[in-house]
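Take a look at the letters that make up each chain.
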Number of protein chains: 4
Amino acid sequence: MSSIFGELFRISTFGESHGGGVGVVIDGCPPRIEISAEEIQEDLNRRKPGQSKITTPRKESDLCEIISGVFEGKTLGTPIAILVRNKDARSQDYDEMAVKYRPSHADATYDAKYGIRNWQGGGRSSARETIGRVAAGAIAKKILKQVAGVEIIAYVKSIKDIEATNINQDTVTLEQVESNIVRCPDSAIAEKMIDLIDQIRKEKDSLGGTLECVVRNVPRGLGEPVFDKLEADLAKAIMSLPATKGFEIGSGFAGTTLTGSQHNDEFYLDDNGIPRTVTNRSGGIQGGISNGENIVLRAAFKPTATIGKEQKTVSKEGEETTLAAKGRHDPCVLPRAVPMVEAMVALVLCDHLLRHHAQCNLIEN
Amino acid sequence: MSSIFGELFRISTFGESHGGGVGVVIDGCPPRIEISAEEIQEDLNRRKPGQSKITTPRKESDLCEIISGVFEGKTLGTPIAILVRNKDARSQDYDEMAVKYRPSHADATYDAKYGIRNWQGGGRSSARETIGRVAAGAIAKKILKQVAGVEIIAYVKSIKDIEATNINQDTVTLEQVESNIVRCPDSAIAEKMIDLIDQIRKEKDSLGGTLECVVRNVPRGLGEPVFDKLEADLAKAIMSLPATKGFEIGSGFAGTTLTGSQHNDEFYLDDNGIPRTVTNRSGGIQGGISNGENIVLRAAFKPTATIGKEQKTVSKEGEETTLAAKGRHDPCVLPRAVPMVEAMVALVLCDHLLRHHAQCNLIEN
Amino acid sequence: MSSIFGELFRISTFGESHGGGVGVVIDGCPPRIEISAEEIQEDLNRRKPGQSKITTPRKESDLCEIISGVFEGKTLGTPIAILVRNKDARSQDYDEMAVKYRPSHADATYDAKYGIRNWQGGGRSSARETIGRVAAGAIAKKILKQVAGVEIIAYVKSIKDIEATNINQDTVTLEQVESNIVRCPDSAIAEKMIDLIDQIRKEKDSLGGTLECVVRNVPRGLGEPVFDKLEADLAKAIMSLPATKGFEIGSGFAGTTLTGSQHNDEFYLDDNGIPRTVTNRSGGIQGGISNGENIVLRAAFKPTATIGKEQKTVSKEGEETTLAAKGRHDPCVLPRAVPMVEAMVALVLCDHLLRHHAQCNLIEN
Amino acid sequence: MSSIFGELFRISTFGESHGGGVGVVIDGCPPRIEISAEEIQEDLNRRKPGQSKITTPRKESDLCEIISGVFEGKTLGTPIAILVRNKDARSQDYDEMAVKYRPSHADATYDAKYGIRNWQGGGRSSARETIGRVAAGAIAKKILKQVAGVEIIAYVKSIKDIEATNINQDTVTLEQVESNIVRCPDSAIAEKMIDLIDQIRKEKDSLGGTLECVVRNVPRGLGEPVFDKLEADLAKAIMSLPATKGFEIGSGFAGTTLTGSQHNDEFYLDDNGIPRTVTNRSGGIQGGISNGENIVLRAAFKPTATIGKEQKTVSKEGEETTLAAKGRHDPCVLPRAVPMVEAMVALVLCDHLLRHHAQCNLIEN
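The rules behind these values
Residues numbered from 1 in each chain as written. Chains lettered and ligands numbered in written order. Predicted model: local features only at pLDDT ≥ 70, side-chain atom pairs only at ≥ 80, totals over all residues. Heavy atoms only, no water. UniProt positions renumbered as here; feature names shortened; annotations may be inferred. Buried < 20%, exposed > 50% of the residue type's maximum accessible area, 1.4 Å probe, protein only. Contact = heavy atoms within 4.5 Å. Helix = DSSP H or I, 4+ residues; strand = E, 2+ residues; numbered from the N terminus. Buried area = accessible area lost by both parts, 1.4 Å probe. Salt bridge = Lys/Arg side-chain N within 4 Å of Asp/Glu carboxyl O. Polar contact = N/O pair within 3.5 Å; in protein donor to acceptor, adjacent residues only side chain to side chain. Pairing = 2+ DSSP bridges. Axes fitted to C-alpha atoms, helices over the stretch in contact; angles between N-to-C directions. Least-squares fit on C-alpha atoms with pLDDT ≥ 70 in both.

As recorded in an unreviewed UniProt entry, chain A goes by Chorismate synthase and comes from Cyanobacterium stanieri. Looking at the Pathway (unreviewed entry) heading of the UniProt record, one finds this comment for chain A: "Metabolic intermediate biosynthesis; chorismate biosynthesis; chorismate from D-erythrose 4-phosphate and phosphoenolpyruvate: step 7/7." As recorded by UniProt, the Sequence similarities (unreviewed entry) comment attached to chain A reads in full: "Belongs to the chorismate synthase family."

Okay, here's the thing in structure tokens:
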């Protein structure tokens with residue numbers, strides 16, 4: 001089920017970077033949700049190429065068309081198909097890559113697996129595939145907001161060894177994230193990140209970094225005890241994005257150096273008598289199930305694999321050679337990955353919202 | 001689906017820590033695989049409690065019975081049901097925990113989700129649930145070994161801030177891992193780890209750490225391009241284990257501080273003309289698909305939540321109180337988590353082996 | 001997935017007719033449902049062998065044990081595992097059938113598919129597999145009754161060419177069905193059916209017939225528009241029972257001889273202003289979705305394949321031969337199929353109840 | 001999963017009868033299959049409206065566009081998205097039906113389920129939804145033909161009480177089926193059927209009937225023992241088509257009037273020593289698994305619900321009224337249902353071909 005994600009709020013993406021287009025079919029969306037192409041476009045615009053000097057210059061308007069499932073501005077409960085046409089495809093840039101495998105890219109493994117590959121622009125491994133995710137995520141966000149006031153905010157936490165430390169997870173806003181082109185709400189650090197990316201771009205090299213995502217107002221009870229723990233589904237969602245190499249929830253790897261008495265989140269009762277935790281090393285999830293605190297997760301993105309610098313590689317025909325990649329590529333994927341991460345988190349939470357409602361709200365407690 | 005995992009090699013676990021027992025049903029296993037309860041028992045014995053001074057003293061023989069799906073020593077292709085009875089359950093230890101929520105445990109979230117909870121010993125959130133996974137994993141390992149010679153070796157990489165550095169991923173053996181009770185193949189470091197765990201046990205506190213798993217002889221082509229990338233399914237598998245807080249593949253979080261030209265794995269041709277990579281920062285997976293190099297992953301396990309030290313908490317009835325947990329608990333879960341990680345990795349790889357065979361080997365290339 | 005059924009209320013059955021036992025794991029059951037082994041046993045007793053002179057004389061008490069998922073008499077929301085041990089297995093009866101394929105049975109196709117087969121008593125193709133379905137169905141029935149007052153009544157409609165015609169679908173009761181051993185609520189016809197079955201049993205031959213099932217008080221809105229139409233999922237559920245050859249909903253095959261103006265169910269408003277239909281040729285489902293009228297379906301069961309009469313067949317070793325089957329077999333499966341049909345219908349409806357609740361009741365209309 | 005079908009060869013359809021268009025995404029298709037839009041169009045043309053005097057006069061060219069998943073004429077192994085735009089939509093015909101429920105149609109149940117409905121032309125319940133199925137079925141047919149020489153031939157067996165009896169299942173061809181507009185290969189009977197449909201069309205009424213489908217050269221071993229029996233999945237596939245009321249495999253309902261000794265298919269060995277059956281009352285499937293004989297199934301289609309004759313109904317606003325439907329509708333759906341049935345059968349068989357290959361061909365016997 002390579003291209004299908006979710007159990008109840010289920011999406012099916014399609015499309016290659018060069019060809020007729022890319023898109024998504026959303027199955028299982030609740031009916032009577034108000035939604036417009038314009039709302040979806042807002043998130044697509046945050047993802048699209050060519051939006052700033054530190055992203056790929058490929059020009060795609062990425063305008064989406066809702067083919068089905070919405071009638072008079074509301075969801076019908078039937079599949080919502082959304083299509084984005086490919087426009088500015090320069091497949092001639094890829095002639096060399098048709099035969100030479102890009103190091104650390106998907107070229108060689110696709111050939112090994114399928115015995116065939118659309119070598120134009122990365123084909124299915126292109127980040128254009130995430131257009132469908134972001135479009136579906138926009139609808140998931142809307143449902144989460146409407147049902148429970150859920151807020152999902154992702155932002156760049158570090159680029160290479162430049163790390164933002166001055167971010168308040170309880171108050172950080174979308175506006176702060178969008179206030180600069182690297183999407184880091186710590187504006188002083190953001191400037192340094194932008195400069196570093198711009199410099200590496202000129203060197204025909206690339207950079208990686210980490211994203212952090214905080215989710216506020218999560219209802220208690222989402223997630224399931226065993227395989228579909230909320231953090232497990234979030235991990236899969238994030239690790240399914242291109243270029244990810246790591247995932248953390250709450251205290252993450254750093255938490256392994258604490259003792260239990262240091263790490264545990266002690267309980268107290270808030271003014272409404274609801275159990276809350278003093279600290280949040282759990283990252284909003286305990287035993288696989290949300291506890292009502294902020295969900296906090298981080299993702300590691302490696303430096304972009306496709307670079308203009310010459311590297312050793314082999315050809316499809318079995319010869320050792322070198323490659324200095326042509327084409328237009330992001331020197332650093334993180335700024336554009338922000339809406340992708342938000343979308344994946346939204347898809348997981350919306351799916352679990354429906355699942356929890358089905359099993360646990362059928363009969364009143 | 002909370003307790004079902006896999007698409008083709010699909011397992012369904014059941015059972016609480018106290019009650020009739022725990023187990024698993026495996027659906028979709030290939031027929032004619034030789035398997036015995038004894039072979040499965042070997043891995044269960046590595047997971048069972050009471051095996052050393054640094055694990056919980058709860059005494060469970062964890063003897064497994066194969067109820068169905070095996071006939072005259074071979075798999076039938078029909079569901080394999082495996083049952084392990086619970087024996088040494090001391091539910092009286094849990095009287096206090098029936099009303100007081102353990103900090104950072106699943107008690108409170110289970111109540112919030114289901115409005116009911118088996119408070120005896122953790123119920124479904126107990127690590128006894130992983131018995132079914134380990135049993136199924138033993139069969140998955142056997143298939144992977146038989147079909148492709150795949151070897152899966154997990155081991156303790158760090159406990160708190162003590163980290164093993166002297167491990168050769170190409171040569172480390174099961175025997176080396178099993179040579180000490182902490183399951184760290186770096187024997188000098190292992191001694192220090194054991195001492196630290198033994199000390200923290202006496203302090204009624206607990207420790208966390210990291211596991212590393214290396215998989216050798218992985219066929220090229222396993223994994224799928226988009227949501228079911230091999231690293232995404234591995235991340236979900238690992239993050240579905242109790243107490244995990246983080247996941248890394250290949251270079252992981254450390255890889256984010258390199259540039260693309262530093263991080264990329266350059267290609268060369270081996271003596272058989274097969275494309276190989278000089279380095280392995282990809283961790284054996286590129287574009288979601290295995291490339292034939294070692295798969296290398298790491299998991300972060302937090303310190304055990306249930307500790308004997310007194311902590312602030314709240315009761316089910318809505319009162320602030322304190323709890324010093326009774327019961328028998330692991331001061332550090334990592335030694336017993338080693339076979340769990342191996343099992344989850346085996347389940348993911350075996351599932352993808354079948355999936356790849358279905359789609360890509362149906363018609364000869 | 002061969003042995004997994006349902007999307008949200010999902011069951012996984014296991015077991016062969018000879019071996020450790022048979023059973024089921026139910027995943028996704030709502031929490032806090034009162035359930036006891038005794039309640040489940042009631043339906044198992046209606047299914048078990050040896051209950052009358054017209055069923056197989058094999059003696060199995062079929063006592064069920066709830067292994068997990070129920071605590072202090074209520075469901076936990078975690079997997080419910082139910083186990084029934086095999087007792088009166090006489091595998092020596094099957095020595096001949098180990099090598100000779102029974103005509104119209106699963107022996108030859110299992111060998112062709114798997115290259116291995118548990119030849120003792122039918123193995124996985126035995127009707128004992130349905131024990132797990134009936135046990136799970138008992139819980140599904142309880143949920144449907146509790147949530148919406150749903151009543152599911154199946155009964156024998158015809159045996160060979162003897163057909164009951166005097167049954168009122170609005171009023172027929174479980175007591176009427178259980179008032180005779182053939183489970184036909186038309187008592188005059190039932191006598192004739194019993195006599196015919198008893199006679200064919202003595203002739204070492206077998207009979208088939210049809211079952212009808214009526215479901216009352218079905219909530220409107222269950223079922224989905226396209227592939228998971230309610231009648232489609234019911235058809236699959238029924239046709240997955242051993243020995244079924246046909247399925248009808250509402251007017252069925254007879255409806256094909258009417259014109260549209262004759263066949264359509266005209267609408268009227270009942271006293272509460274709810275749209276109802278004057279007739280019910282739709283069988284309670286329109287466009288794949290329940291309309292609140294009685295769901296009415298019928299299933300065709302072929303005569304039992306295993307018979308004592310000598311028949312031409314071939315052996316596993318590739319020789320033409322003859323076989324007069326030993327062993328204890330039902331001369332007619334229909335009386336024991338009644339609780340199986342009820343169970344499958346309950347499983348489908350309970351699953352769709354949860355699915356509908358998830359998608360359409362999340363947000364108030 | 002209303003709009004997703006299949007486990008490995010998995011399709012996801014989308015679209016309403018009026019709106020942007022309809023289509024399908026196919027996930028899991030084997031790579032390197034030669035396929036063109038022209039080949040798919042052939043089956044779409046057999047399904048499209050306006051093809052003869054006995055179908056609806058709505059004019060739709062139903063031209064398909066392959067958006068993704070095919071490169072240089074071959075499948076990539078990635079999702080294949082196919083889109084057909086809606087053209088000749090006359091939504092003004094549906095103004096009255098926006099408020100009045102058509103008897104025996106999906107109007108009322110959609111409103112009951114979703115609280116919203118695209119009332120233009122049936123929306124999602126329109127037979128236009130089957131375009132995606134037929135397009136995907138064309139690819140499934142090609143794979144089945146290429147891998148095993150499988151031939152799938154469906155045809156009209158009866159219209160009202162006119163039944164074709166002179167059809168040889170071993171030799172009937174697509175050309176014979178396509179030789180007349182009602183798609184009945186018994187040409188004498190076909191004439192009578194056409195006349196009857198033409199007459200009922202003038203009376204503003206409609207007709208039903210039965211389709212038969214024969215599948216030749218089916219590999220032995222397809223299908224699974226329990227819930228996913230081949231006949232169960234075929235039943236679901238067929239009963240998910242609009243207007244179906246019944247399904248039979250092999251002897252069907254008529255088989256219930258035979259005794260076991262009459263009904264059983266005795267075995268013999270063919271010239272290659274392969275077990276074959278003298279008769280085929282099993283319809284090519286035993287124990288849920290194909291036995292290599294012809295698969296033979298039948299489906300009952302009710303008369304078209306939408307008719308021009310005046311009928312009693314109720315309005316959305318809760319008033320009793322009458323309706324004489326405008327719009328352009330098929331007086332009998334069966335001629336156009338022929339490619340739909342073939343497509344659904346192909347989808348089931350292709351899915352099971354992959355599933356069987358995954359589980360049973362991984363390791364050599």
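Visitor: Now, about the UniProt feature "binding site: FMN" (unreviewed entry) in chain A: what can you tell me, with residues and values included?
Guide: When the UniProt feature table is mapped onto this chain numbering, "binding site: FMN" (unreviewed entry) sits at R124, S125, S126, G287, K302, P303, T304, A305, T306 and R328 of chain A. With a sequence span of 205 residues, these residues are also far apart in the fold, their greatest C-alpha distance being 44.1 Å. With relative accessibility at 17%, the residue S125 of chain A sits in the buried group. Other than its neighbours up to four places away in sequence, S125 of chain A contacts H105, A106 and Y110 of chain A. Relative to the helices and strands, A305 of chain A resides in the loop between β16 (295-301) and β17 (311-314). Judged by its relative accessible area of 8%, A305 of chain A is buried. Excluding its chain neighbours within four sequence positions, the residues that come into contact with A305 of chain A are P103, S104, H105 and Q311 of chain A together with N264 of chain B.

Visitor: Please provide a residue-by-residue account of the interface of chain C and chain D, values included.
Guide: Opposite the 104 residues of chain C that make contact, chain D presents 104 residues. A buried area of about 8,200 Å², summed over both sides, lies between chain C and chain D, and 61% of it is on carbon and sulfur atoms. If you look at where chain C meets chain D, you find four salt bridges. Taken together, chain C and chain D are joined by 42 residue pairs in polar contact (both at pLDDT 80 or more).

Visitor: Explain the sheet that holds strand β11 (residues 244-249) of chain D to me, and be specific about the residues and the numbers.
Guide: Within the open sheet, the 10 strands sit side by side as β9(C)-β8(C)-β10(C)-β16(C)-β11(C)-β11(D)-β16(D)-β10(D)-β8(D)-β9(D). Their pairing is antiparallel. If you trace the sheet from one side to the other, it starts and ends with β9 (162-163) of chain C together with β9 (162-163) of chain D, each paired once. As judged from the three bridges shared by strand β11 (residues 244-249) of chain C and β11 of chain D, these two strands associate in the antiparallel manner. Each residue of the ladder has a partner; that of F247 of chain C, found in β11 of chain D, is F247 of chain D. On the sheet, helix α5 (residues 187-202) of chain C packs against β8 (151-159) and β9 of chain C and is oriented at approximately 60° with respect to β8 of chain C. Relative to β11 of chain C, helix α6 (residues 230-239) of chain C is tilted by about 155°, and along the sheet it contacts β11 and β16 (295-301) of chain C together with β11 of chain D.

Visitor: Lay out the relation of the copies chain B and chain D in plain terms, naming residues and giving numbers.
Guide: Once chain B is rotated about the relating axis by 180° and shifted along it by 0.0 Å, it coincides with chain D to within an RMSD of 0.0 Å. On this basis, the relationship between the two copies can be described by a two-fold rotation axis. Among all C-alpha atoms of chain B, that of A358 of chain B lies closest to the rotation axis, at 2.2 Å. By residue overlap, the copies meet face to face through one surface: 100% of the interface positions of chain B are interface positions in chain D.

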